[in-house]
Amino acid sequence: GSRRALRGRGRALGSPLASGPPVTCRHARSRNYVSESEVYKLESVPLDFGDYHPLKPITVTESKTKKMSRKGSTSSTSSSSSSSMMDPLSSVLDGTDPLSLFAAAADPVTTTSTMDSTRKKRDKDDSSAVGSDFEPWSSKRSEILARYTTTEKLSINSNILSFAGKAATPGSAVSEKVRTRLEELDDLEEGSQKELLNLTQQDYMNRIEELNQSLKDAWSSDQKVKALKIVIQCSKLLSDTTVIQFYPSKFVLITDILDTFGKLVYERILSMCMDNRASLPDNFSPESVNDTAKETCLNWFFKIASIRELIPRLYVEAAILKCNKFLSKMGISECLPRLTSMIRGIGDPLVAVYARAYLCRVGMEVAPQLKESLNKNFFDFLLTFKQIHGDTVQNQLVAQCVEIPLYLTLYSPAIDWILQCIAYRAPEVLLTEMMERCKKLGNNALLLNSVMSAFRAEFIAARSMDFIGMIKECDESGFPKHLLFRSLGLNLALADPPENDRLQILNEAWKVITKLKNPQDYINCAEVWVEYTCRHFTKREVNTVLADVIKHMTPDRAFEDAYPQLQSIIQKVITYIHDFSLLFSVEKFLPFLDMFQKECVRVEVCKCIMEAFIKHQQESTKDPVILNALLHICKTMHDSVNALTLEDEKRMLAALINGFIKMVSFGRDFEQQLSFYVEARSMFCNLEPVLVQLIHSVNQLAMETRKVMKGNHSRKTAAFVRACVAFCFITIPSLSSIFARLNLYLHSGQVALANQCLSQADAFFKAAVSLVPEVPKMINIDGKMRPSDSFLLEFLCNFFSTLLVVPDHPEQGVLFLVRGLLNVIQDYTWEDNSDDKIRIYTNVLHLLSAMTQETYIYHVDKVDSNDTLYGGDSKFLAEINKLCETVIAQILDHLKTLGKEETLKRQSQLALYFFNTILAHGDLRNNKLNQLSVNLWNLAQKHGFADTKTMVKTLEYIKRRSKQPEMSHFTDLALRLPLQSRT
Amino acid sequence: MGTALDIKIKRANKVYHCGEILSGVVIITSKDTVQHQGISLTMEGLVNLQLSAKSVGVFEAFYNSVKYTLRCDMRRSLLAKDLTKTCEFIVHSLSQKGKLMPSPVDFTITPETLQNVKERASLPKFLIRGHLSSTNCIITQPLTGELVVENAEAAVKSIELQLVRVETCGCAEGYARDATEIQNIQIADGDVCRGLPVPIYMVFPRLFTCPTLETTNFKVEFEVNIVVLLHDDHLITENFPLKLCRM
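Since we're looking at a predicted model, the values are computed, not measured.

Considering the overall build of chain A
Then comes step 1: A tally of helices and strands in chain A yields 48 helices and 6 strands.
Then comes step 2: Taken over 983 residues, chain A has a buried fraction of 50%.
Then comes step 3: Of all intrachain contacts in chain A linking residues separated by at least 6 positions in sequence, the fraction that spans at least 24 positions is 74%.
Then comes step 4: Working note: accessible area of chain A is about 48100 Å², and carbon and sulfur atoms make up 53% of it.

A look at the pairing of strand β18 (residues 235-245) of chain B
Residues and elements named next belong to chain B.
Then comes step 1: Looking at chain direction, strand β11 (residues 136-138) and β18 are connected through 3 bridges and run parallel. Of the residues in β18, the one forming a bridge with C137 is L244.
Then comes step 2: Remark: 4 residues form the turn of the hairpin made by strand β17 (residues 218-230) and β18, two consecutive strands paired antiparallel; D233 in that turn has positive phi of roughly 70°.

Description of the interface of chain B and chain A
Then comes step 1: Residue-level contacts link 29 residues of chain B with 35 residues of chain A.
Then comes step 2: Across the chain B/chain A interface, buried area totals approximately 2600 Å², and carbon plus sulfur atoms make up 57% of it.
Then comes step 3: On the chain B side of the interface with chain A, the three residues burying the most area are Q186, L196 and R206 of chain B, jointly 21% of the side's total.
Then comes step 4: Applying the counting rule to chain B against chain A returns 2 salt bridges.
Then comes step 5: Put simply, E295 of chain A and R206 of chain B hold a salt bridge, and the shortest N to O gap is 3.2 Å.
Then comes step 6: Counting across the chain B and chain A interface gives 12 residue pairs in polar contact (both at pLDDT 80 or more).
Then comes step 7: Sort the elements by how many residues they give to the side of chain B that touches chain A and strand β14 (residues 174-189) of chain B lands first, with 7 residues.
Then comes step 8: Class assignment for the residues of the side of chain B that touches chain A results in 15 nonpolar, 6 polar and 8 charged.

Points about the packing of helix α39 (residues 758-771) of chain A against helix α41 (residues 816-827) of chain A
Residue and element names in this part refer to chain A.
Then comes step 1: Running from N to C, α39 and α41 point in directions that differ by 15°, and their axes come no closer than 10 Å. Our classification of the angle between α39 and α41 gives roughly parallel. In the packing of α39 onto α41, the handedness of the crossing is left-handed. Contacts from D762, F765, K766 and V769 in α39 reach F816, L817, G820, L821 and V824 in α41.

Regarding helix α22 (residues 445-454) of chain A
Then comes step 1: Counting buried positions along α22 of chain A gives 9 out of 10 residues, so the element sits mostly inside the fold.
Then comes step 2: All of the buried residues along α22 of chain A are A445, L446, L447, L448, N449, S450, V451, M452 and A454 of chain A.

Here we look at the sheet that holds strand β9 (residues 105-109) of chain B
Each strand in a sheet pairs with another by means of backbone hydrogen bonds, the pair being arranged parallel or else antiparallel.
Residues and elements named next belong to chain B.
Then comes step 1: An order of β9-β10-β12-β15 is seen for the 4 strands of this open sheet, with the pairing classed as antiparallel. Lying at the two open borders of the sheet, with one neighbouring strand each, are β9 and β15 (198-202). Between one strand axis and the next, the sheet turns through 20° on average, direction left out of account.
Then comes step 2: Pairing geometry for strand β12 (residues 143-152) and β15, over 5 bridges, is antiparallel. Paired with E146 across the strands is P199, a residue of β15.

Observations regarding the packing of aromatic side chains
All names here are of chain A.
Then comes step 1: Taken as a whole and assessed by the stated rule, the structure comprises 45 aromatic pairs over all chains.
Then comes step 2: Ring centres of F729 and F764 lie 5.1 Å apart, and the angle between their planes is 80°; on these two criteria the pair is classed as edge-to-face. One end of the pair, F729, is in helix α37 (residues 715-731); the other, F764, is in helix α39, and 35 residues separate them in sequence.
Then comes step 3: For F764, a relative accessible area of 1% gives the class buried.

Brief notes about the confidence of the model for chain B
Residue and element names in this part refer to chain B.
Then comes step 1: The predicted model of chain B averages 84 in pLDDT, with 91% of residues at 70 or higher.
Then comes step 2: Element-level pLDDT for chain B is lowest in strand β6 (residues 59-60), with a mean of 60, against a maximum mean of 94 in β15.
Then comes step 3: Two numbers describe this predicted complex: its pTM, 0.66, and its ipTM, 0.87.

Overview of unusual backbone geometry
Then comes step 1: Although it is not a glycine, D556 of chain A sits at a positive phi angle of roughly 55°.
Then comes step 2: The residue D556 of chain A is located in the loop between α28 (539-553) and α29 (563-576) in this model.
Then comes step 3: Residues other than glycine seldom take positive phi values, yet K14 of chain B does so here, at roughly 60°.
Then comes step 4: Residue position: K14 of chain B is located in the loop between β1 (4-9) and β2 (15-17).
Then comes step 5: Taking the relative accessible area as the measure of exposure, K14 of chain B reaches 28% and is therefore partly exposed.

Here we look at the side chain of S908 of chain A
All names here are of chain A.
Then comes step 1: Note that S908 resides in helix α45 (residues 904-921).
Then comes step 2: Residue S908 is classed as buried on the basis of its relative accessible area, which comes to 5%.
Then comes step 3: What S908 contacts, discounting residues up to four positions off in sequence, is A940, F945 and A946.

Points about the sheet that holds strand β7 (residues 66-74) of chain B
Residue and element names in this part refer to chain B.
Then comes step 1: If you trace the 4 strands from one edge of the open sheet to the other, you get β2-β8-β7-β4, paired in mixed fashion. Two strands lie at the open edges of the sheet, namely β2 and β4 (39-47), each paired on one side alone. Each strand of the sheet is rotated relative to its neighbour by a mean of 35°, with strand direction disregarded.
Then comes step 2: Of the pairings in the sheet, the one linking β2 to strand β8 (residues 83-92) comprises 3 bridges and is parallel in character. The residue of β8 that forms the bridge with V15 is I90.

Some thoughts on the confidence of the model for chain A
Any segment with low pLDDT has predicted coordinates that should not be analysed in fine detail.
Residues and elements named next belong to chain A.
Then comes step 1: Here chain A averages 82 in pLDDT, and 83% of its residues register 70 or above.
Then comes step 2: In the model, residues 1-24 has pLDDT below 50 throughout and makes 32 contacts with residues more than four positions away in sequence or in other chains.
Then comes step 3: Low pLDDT (under 50) marks residues 185-193, which in the prediction has 20 contacts with non-local residues, meaning those over four places away or in another chain.

So, α28 of chain A
It helps to recall that an α-helix has 3.6 residues per turn; residues three or four apart then point in one direction.
Then comes step 1: Along its 15 residues, α28 of chain A runs 21 Å from first to last C-alpha, staying within 8% of the 21 Å computed at 1.5 Å per residue.
Then comes step 2: Of the surrounding elements, those touching the buried residues of α28 of chain A are α26 (502-513), α27 (519-536), α29 and α31 (589-593) of chain A.

Points about the nonpolar core
Then comes step 1: Counting 314 residues, the largest nonpolar core has F378, Y407, W529, V549, L566, F589 and I609 of chain A as its most contacted members.
Then comes step 2: Judged by nonpolar contacts, the second largest core, of 39 residues, contains A152, M202, C210 and L242 of chain B.

Some details on the pattern of salt bridges
Residues and elements named next belong to chain A.
Then comes step 1: Tallied over the entire structure, the rule returns 39 salt bridges over all chains.
Then comes step 2: With a shortest N-O distance of 2.8 Å, E36 and R31 are connected by a salt bridge.
Then comes step 3: Of the charged contacts, one joins E560 and R557 as a salt bridge, the two residues approaching to 2.8 Å between their closest N and O atoms.
Then comes step 4: On the basis of relative accessibility, which here comes to 40%, the residue R557 falls in the partly exposed class.
Then comes step 5: Here the salt bridges share partners, and the residues they tie into one network are R344, R356, K376 and D380.

Examining the side chain of K481 of chain A
All names here are of chain A.
Then comes step 1: Structurally, K481 can be placed in helix α25 (residues 481-494).
Then comes step 2: Under the relative-accessibility criterion, K481 is labelled buried at 15%.
Then comes step 3: A polar atom in the side chain of K481 sits 3.3 Å from the backbone oxygen of K472.

Parameters at a glance
Residues numbered from 1 in each chain as written. Chains lettered and ligands numbered in written order. Predicted model: local features only at pLDDT ≥ 70, side-chain atom pairs only at ≥ 80, totals over all residues. Heavy atoms only, no water. Helix = DSSP H or I, 4+ residues; strand = E, 2+ residues; numbered from the N terminus. Buried < 20%, exposed > 50% of the residue type's maximum accessible area, 1.4 Å probe, protein only. Contact = heavy atoms within 4.5 Å. Areas by Shrake-Rupley, 256 points an atom, 1.4 Å probe, with all protein chains shown as cover. Pairing = 2+ DSSP bridges. Buried area = accessible area lost by both parts, 1.4 Å probe. Salt bridge = Lys/Arg side-chain N within 4 Å of Asp/Glu carboxyl O. Polar contact = N/O pair within 3.5 Å; in protein donor to acceptor, adjacent residues only side chain to side chain. Nonpolar A, V, L, I, M, F, W, Y, C, P; charged D, E, K, R; others polar. Axes fitted to C-alpha atoms, helices over the stretch in contact; angles between N-to-C directions. Parallel < 35°, antiparallel > 145°, perpendicular 65-115°, else oblique. Left-handed = near helix turned anticlockwise from the far one by under 90°. Phe/Tyr/Trp six-rings, centres within 6.5 Å; stacked < 30°, edge-to-face > 60°. pLDDT = per-residue confidence, 0-100. Expected span 1.5 Å × (residues − 1). Core = buried A, V, L, I, M, F, W, Y, C linked by side-chain atoms within 4.5 Å.

Encoded structure:
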């Protein structure tokens, strides 16, 4: 109806003007867009996609003709692929993008690959290096430090910390020097040992770090004896087993220092071997070591051999084991067995097993091919195994109030490590033999556990049923059984047991796990077995397991202490079940989520699930089970947002929720889709990016509808589209970002216009117009305050371009919206020294000239714009001309105010900008305009701020244009435009 | 930093034998030209004699007091100080000829085998067995053997090897005997596993040992004590005389 009313109005306006005086002063030149476009559009050349295209994947080939020393040289050639691609950009996405190709061809990779091959070669030669498949000690360190902690007070020998550093008197005879040194060593060993008591674990660790530092300091200041003393004192700490539950961590800290020391000594001696020319190759022979270096090395060994106490002597010698390479070829292989049997002298079985672990560690690093010593260490350990239950150990445990099960777990890191060294690339036979040996010993749970931690998962998995049998036979009072099941579970997460055993394994294991009373023991075990369950079984078993976990963790709110494990269970479940309708049909999944009652954890879990959904959900969905569950999850995330939530967090949550919203589709059921958006809006009202997404989604929905109806809305679809528009209209004001609101008003207005909702479109545009005065000078972008002018300028230009096609409302005046917007621009408080307003005004002239054309440059399908409504009515044109004059007057006023010294440059630029506008859009046959343009030209050049090149080019352009038909008046113009040469 | 003098002996370990030539260089480092009135090199062998504390009028000279030094002097004009640098070196006696006969020793220690026991009844029961590979030792090779605590009522606290040097010197008027512990090495710490052999292993310290020496007036001998310390502070010692030689 409104369209007809507008037409009527157009005619009504036309009649009185027809008889009025003709318009004499026309500002805009008339355009024929169709012919212009034909003249100016680029010639289209058919593309042969088989040929070179800049966006096509580039294959990089290393040019082999060049010298090998210049490895970096790569040449890129574009390969011609035979398949013709419709979109060169899409081909970028299928895994062969040029960047990754470059990366693949880049140097580091080639060098590593050559390194790999040389390493492999070396492995074959003497297997002197451990491969990357060996889990290094460094990865065990932090785990041990985190696991073996204490709240009890520790003590440390204080004179370690106060090394006086008596300087040896220079010039004294060698033997004397040595004597004093040895005395000093004795001093420290026998000297009054004040103990620094009452250290917390953290204090203790800090002290040890201090020692590590003072070792390095002593070394670098050439106080080698002091360095040795520090190391001896440190390793002495390892004979102390008070606060036994901290022992594994203490071992880690102190062996770090020993490693440092070993490295320092080795490098020092290596540097002595340096010839003038080069250092020794990696696999040097002792013959190539000079006498001085040998003597120094020998000195170290003699010094260490005279250390009184067993444990420091053992550790320090082990630390410099590698130095044997300087002395003899067989050194290491003779030394290792000796040190191995030396450990037999250590009475405390825990201290001994850690000493063995250290020896194996050094051995693996220095001479991994010497397997014998590794095995010997393990067998010796087995021989002393009975000591654990002897009186000495038991008395100690009673004194320290440590239970046997806890005590036994202290052995695990050491035994695990020894077994890992043994098992590395070991033949199956050896592993079987080791297992048999463990079986023979009485309480073998501890060993069994270590076997499961250290041996290859495939080996364990293949014998799962055997292991379950052995675990069952273990003594209840010994090593904690749940740890055994946990270890087994860890193996089964990595390797698959025989197909036929799988269910039985789960049943047997779970039978034991479910009986665990302590919730922590239970959850540690269950966490691991969930992975096995998800890996091999269906939703039914997963559901049973989840139900069992809920049952165990709910009483006494036990879940509160197990969030990390529960989180990991969820992680595992969603890693294996990507089908979300299946996932949510696991009945206990959502009740499981209810256990996450601490908000931050709950949100974390929700985030994980949403990330998985966005990553794995391939097709959009309308499955009510998924929708309900995910809406619930998203709601949880949304509700966690409060005033203290960080911007990043909000952005992330919003992105996840948006990802979900985009995946929801009800197909052709548009009404259902809209009501989903309405529901989502009510749920996620606190996250602006989600609201923005919803507005876009609804706009898209409206456009979809239009597409389906091919532009001709039925009564029903028209009503539906209006509902969409209404949704946007009431949602936009709730946004706080002003530019989001402005752009969405404009965008939604365009959608409304496209759907022939003219009055609604008007409402959007009016809202946008009335919002412009509220735009602040500065806006917050990514946490920084930035001036808003460029954003406003961009928005206004965009807005004006839209207004060209918006038909006038019958009850409002001509160009109501344009005038409104101009008024707002006029009243807006612009930055004092900015020309933005004038630039906009100049752009408005472009719009006004476009509006006077007989047929507009673009239209909205099925909407009559003003060109049709007024049909070039002269009163309408007069209105436009009047507007033009007003705007031009404004511009000229402004140019006048720029006459001051410091603003002359701006004046020149603006004058030229305005000149160009007139040149492009104005009708220069209009004398006034012609004179104005000449004045502007002169103004631009008046103070020497004009760029001569630009002026010359502009003039050339005018001359060229003058040769075109109906443009002869440009010839006169060109004559009136002088070029000012700069002096 | 003025002028400096340094002696560099060719052999890194500074060990020489009778009849050998000790060679090397004297290094003079200086920024400017050095004026001097001669550089001299002196070799000195010194035995430090001291009055015996035990018998009046007798001089004693023990192992520790034997010393060989090389000394370099640079005489300079009145205005500059003379420069001196000394450098110690070691003289090893010539290798002994003939073959060393290994002399392994087995030992068993029980309360019954002990001497010097006041109240044998109060001793805890124990049985310690072991052997030394040889009591005739080459000085550059370690002392080796094995020790097994077969059983012990009291917990073992520590087992140590004590190396003792016994020097005797004097003449008809009287002898002075001096026993010095020159090294103590712990081979077991804590209550060792019963029945498991613990290695005996000790490197002879280079500067405090020499081949066993027997002359009429002067003797240097070595012994090793195996010391077992029990938790109730009982100390059990078993003594083994050693014969060291250089081969």
